[in-house]
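Working through the structure, step by step
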Amino acid sequence: MENALGDKIKKLRKDQKLTLDQLADLAGASKSYIWELENKNPPRPSAEKLSRIAEQLGTTIEFLLDTENKIKEEDAADAKFYRKYRNMDEPTKSKIRKMVSLWEDDE
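Read on for a plain summary of the structure. (Residues numbered from 1 in each chain as written. Predicted model: local features only at pLDDT ≥ 70, side-chain atom pairs only at ≥ 80, totals over all residues. Heavy atoms only, no water.)

Next up on the list: the overall build of the protein. Per the secondary structure count, the protein includes 7 helices and 0 strands. When the helices and strands of the protein are read in sequence order from the N terminus, they spell out α-α-α-α-α-α-α. Along the first, second and third principal axes, the C-alpha set of the protein runs to 50 × 30 × 25 Å. Residue burial in the protein is summarised as follows: out of 107 residues, 31% are buried. Contacts in the protein between residues at least 24 apart in sequence constitute 50% of all its contacts with a sequence separation of at least 6. Carbon and sulfur atoms make up 51% of the accessible area of the protein, which totals about 7500 Å². Where the 21 positive side-chain charges of the protein centre and where its 22 negative ones centre are 5 Å apart. (Helix = DSSP H or I, 4+ residues; strand = E, 2+ residues; numbered from the N terminus. Buried < 20%, exposed > 50% of the residue type's maximum accessible area, 1.4 Å probe, protein only. Contact = heavy atoms within 4.5 Å. Areas by Shrake-Rupley, 256 points an atom, 1.4 Å probe, with all protein chains shown as cover. Lys, Arg positive; Asp, Glu negative; His and termini not counted. Charge placed at Lys NZ, Arg CZ, Asp CG, Glu CD.)

Turning to the nonpolar core, a few remarks are in order. The nonpolar side chains of a soluble globular protein tend to be buried with one another. I9, L23, I34, I53, L57 and L64 are the most contacted members of the largest nonpolar core, which totals 19 residues. Only α1 (4–15), α2 (20–27), α3 (31–39), α4 (47–57) and α5 (61–65) provide two or more residues apiece to this core. When sequence neighbours within four positions are dropped, the list of residues in contact with L64 reads L5, K8, I9, L12, L50, A54 and T59. (Core = buried A, V, L, I, M, F, W, Y, C linked by side-chain atoms within 4.5 Å.)

The next subject is the packing of aromatic side chains. What the rule picks out here adds up to 2 aromatic pairs. An aromatic cluster is present here, built from F81, Y82 and Y85 joined pairwise through their rings. Seen from the ring of Y85, K93 lies directly overhead, with NZ or CZ sitting 5.4 Å from the centre. (Phe/Tyr/Trp six-rings, centres within 6.5 Å; stacked < 30°, edge-to-face > 60°. Lys NZ or Arg CZ within 6 Å of the ring centre and 35° of its normal.)

With that settled, consider a nonpolar patch on the surface. Together, M99, V100 and W103 give the surface a local cluster of nonpolar side chains, amounting to about 310 Å² of exposed area. Structurally, M99 is set in helix α7 (residues 90–106). (Patch = residues over 30% accessible without salt bridge, like charges linked within 9 Å, V, L, I, M, F, W, Y side chains within 5 Å. Salt bridge = Lys/Arg side-chain N within 4 Å of Asp/Glu carboxyl O.)

What follows deals with unusual backbone geometry. You will see that K17, though not glycine, has its phi angle at about 55°, which is positive. Using a relative accessible area of 70% as the deciding quantity, one classes K17 as exposed. For N69, which is not a glycine, the phi torsion comes out positive at approximately 55°. Residue placement: N69 occurs in the loop between α5 and α6 (73–86).

This brings us to the environment of R97. Mapping R97 onto the fold places it in helix α7. The exposure class of R97 is partly exposed, given its relative accessible area of 40%.

Pasting the structure below:
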């Protein structure tokens, strides 16, 4: 039986060259908890821990839980960035907009 959540966590973890121990430490979870999410079917994640795992993997909970693969990995990374951007102060947002403008001028 397929475990879409576990497959996505494992892929993102390996893409970032993280061990089970490293991801567990970063996400405030145990190694066995991460292993169970990756390998047990069905996984039984808590929302709080899944949120911390998604944060450490640079994605969103929505992407991890999307069993129909409607959300692309890149779109989830963009959504995560935008959520972070919305919470930044105005001077930081202004700097980011200027950097993007410089990149656009190079094209």
